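A look at the structure
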Amino acid sequence: MPEDWKKEWEPMINAVGTDFYNGKEIWGADQVEKGAIRRFLEPLEFDCPLHYDESVAKEYGYSDIIAPYSSLLSWVIPPYWTPGNKIFTSNEKHAQPENNPLSGIKTDLAPPTTGYFATDIDIEYLRPIKVNDRLCRANYVLLSCTPKETSVGRGAFMVWGSDIKNQDGEIVAKVKVGTYSYNPK
C-alpha cells in the first residue's frame, strides 16, 4: 500500500518543538469560586474538608479552600460563547460549533482532516488551585507527530504540551494531551 499520504504530515513533523500559541495566554472562562467548587464536589460526594471548610484549609496552610486537582480543566477551558457571537452558524443536522475551544490548534501545516479526538491526557500538578485564582494555558507546544492509519481512518497522532498558570504567573500544572486528527475511511 502506498504511504504517500504520510508525506502530507511532514510540515507538522518538522514543527515538533514549536509553541503554536506564540507566547499568547488563553484564559479560562471563569475565576475559581466556592460555589463552582461545591457543584464539582456534589455529584462525586467528594467529602474532603479542604474543598469546603475554610478553617480546615487554613489549618493545613492554605489561605482559603482549594479546588480539587481533578477540577483543573474546568478552570482552564475558554468560553464556548461570548455575547454577540453565534456558536452554530449552520442549520445542518450534524453541524458543529463554529468555534470550539476543545478542538485543538488550526494550522496550515497539517493536511485537512474532518475527524478529531483526544486519546489521552497526563497532568502534573505543581500547586493548589485556590479560590479567586484565574487560570490560563500559557503555551501549546507540539511534542510529537506520528502519521498512522487506524481502523477509523488515516491521520496523525500528536502530543501537545502546555503550562497552566494562575493570575500571578505561577505554573500550577503541566499538561500533555494526545490527539488523533484524521480523515474517516
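Quick note: structure is the one above.
Residues numbered from 1 in each chain as written. Predicted model: local features only at pLDDT ≥ 70, side-chain atom pairs only at ≥ 80, totals over all residues. Heavy atoms only, no water.

1. A few points about the packing of aromatic side chains
- Counted by the stated rule, this structure contains 8 aromatic pairs.
- The interplanar angle of 55 degrees and the centroid separation of 5.7 Å between the aromatic rings of Phe-117 and Tyr-180 together place this pair among those described as tilted. With Phe-117 in strand E3 (residues 115–125) and Tyr-180 in strand E8 (residues 171–184), this pair connects stretches of sequence that are 63 residues apart.
- Judged by centre distance (5.2 Å) and plane angle (10 degrees), the rings of Tyr-180 and Tyr-182 are stacked.
- Looking at Tyr-180, the relative accessible area reads 0%, which means it is buried.
- An aromatic cluster is defined as three or more aromatic residues linked by ring pairs; in this entry it consists of Phe-20, Tyr-21, Tyr-140 and Trp-160. (Phe/Tyr/Trp six-rings, centres within 6.5 Å; stacked < 30°, edge-to-face > 60°. Helix = DSSP H or I, 4+ residues; strand = E, 2+ residues; numbered from the N terminus. Buried < 20%, exposed > 50% of the residue type's maximum accessible area, 1.4 Å probe, protein only.)

2. Description of helix H2 (residues 34–41)
- Three or more residues of H2 are buried, namely Gly-35, Ala-36, Ile-37 and Leu-41.
- Summarising the contacts, the buried residues of H2 are in contact with strand E2 (66–67) and helix H4 (72–76).
- For H2, the side-chain oxygen to backbone nitrogen distance between the N-cap and Gly-35 is 3.1 Å, and the N-cap itself is Glu-33. (Contact = heavy atoms within 4.5 Å. Polar contact = N/O pair within 3.5 Å; in protein donor to acceptor, adjacent residues only side chain to side chain.)

3. Observations regarding the environment of Val-172
- Positionally, Val-172 belongs in strand E8.
- With relative accessibility at 1%, the residue Val-172 sits in the buried group.
- Residues Val-172 and Leu-135 lie 37 residues apart in sequence; the distance between their C-alpha atoms is 8.5 Å.

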